[in-house]
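# Descriptive structure summary
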Amino acid sequence: FSVCFLGAAARGEEKTGDGSRLRDAFSGSVELGLDLAGNERDHDVELDQILRLQIDPPSRDRLRVVTSVWMIEDLDGPESDTSYLRSLAGSNDQAVDPRLLTLYLEREGLQGQSTVRAGRQRIEDGVVYNRVDGLFFRVRKPKLSWYGFGGSRASVYEYGLNEFVTGGGVAARFPTRSHARLDVYYGEEIDE
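First things first, this report covers the structure right here in the doc.

What counts, and where the lines are drawn
- Residues numbered from 1 in each chain as written.
- Predicted model: local features only at pLDDT ≥ 70, side-chain atom pairs only at ≥ 80, totals over all residues.
- Heavy atoms only, no water.
- Pairing = 2+ DSSP bridges.
- Helix = DSSP H or I, 4+ residues; strand = E, 2+ residues; numbered from the N terminus.
- Buried < 20%, exposed > 50% of the residue type's maximum accessible area, 1.4 Å probe, protein only.
- Contact = heavy atoms within 4.5 Å.

### Brief notes about the pairing of strand 10 (residues 179–187)
With nine bridges joining them, strand 9 (residues 164–173) and strand 10 adopt antiparallel strand pairing. Among the inter-strand pairings, Val-170 is bridged to a residue of strand 10, identified as Leu-182. Where strand 9 folds back on strand 10, the antiparallel hairpin that results is connected by five residues, among which Arg-177 adopts a positive phi of roughly 60°.

In structure tokens:
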């Protein structure tokens, strides 16, 4: 049984020096879920939240800070080690388990239709859908676009990964409403 509630973040009303409102600089959302499970031997009650915040400074129209945090609260305590209700999320036996999904600084328009990001982010361009602590850039032109990234692989389940990843790609658009794309990817996997 799962219940999900969605809500929006509150916004401030103060004005900045240039006359714009602070509420225009902050946006966000809260997604709440309640998971209830049980059988004759065990039960599990978890509160699942995703908190998202985006800050667009009024004086810097092409700069933004984006963050999202996934929080899981085990409201009834840990389940037994042999319980089938025990999930990967509850394997560390913490009552509150925060996990950083994203935290990056983004700048657009350095070179036409371009984007540069630094920090923890999800790489959504290309065929590999990675979470990376590092740098990303993308340039979009009418007929040709390219992107690249590099950094350390990031995980919401493990801390301190030292696995280097990098990749990039180029895409060409043709007048026939078709396109061709080439993506490359390299990743290290360090065994300890």
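Once you've had a look at it, read on.
### Notes on the pairing of strand 4 (residues 63–74)
Within strand 4, nine of the twelve residues are buried, which leaves the element mostly enclosed by the surrounding structure. Taken together, the eleven bridges between strand 4 and strand 5 (residues 96–108) define a ladder with antiparallel strand orientation. Within strand 5, the position partnered with Leu-63 by the bridge is Arg-107.

### Some thoughts on the environment of Ser-114
Along the chain, the position of Ser-114 falls in strand 6 (residues 113–122). Taking C-alpha positions, Ser-114 is 7.3 Å from Phe-137, a pair spaced 23 residues apart along the chain. With near-sequence residues (within four places) excluded, Ser-114 lies in contact with Arg-107, Glu-108, Gly-109, Arg-138 and Val-139.

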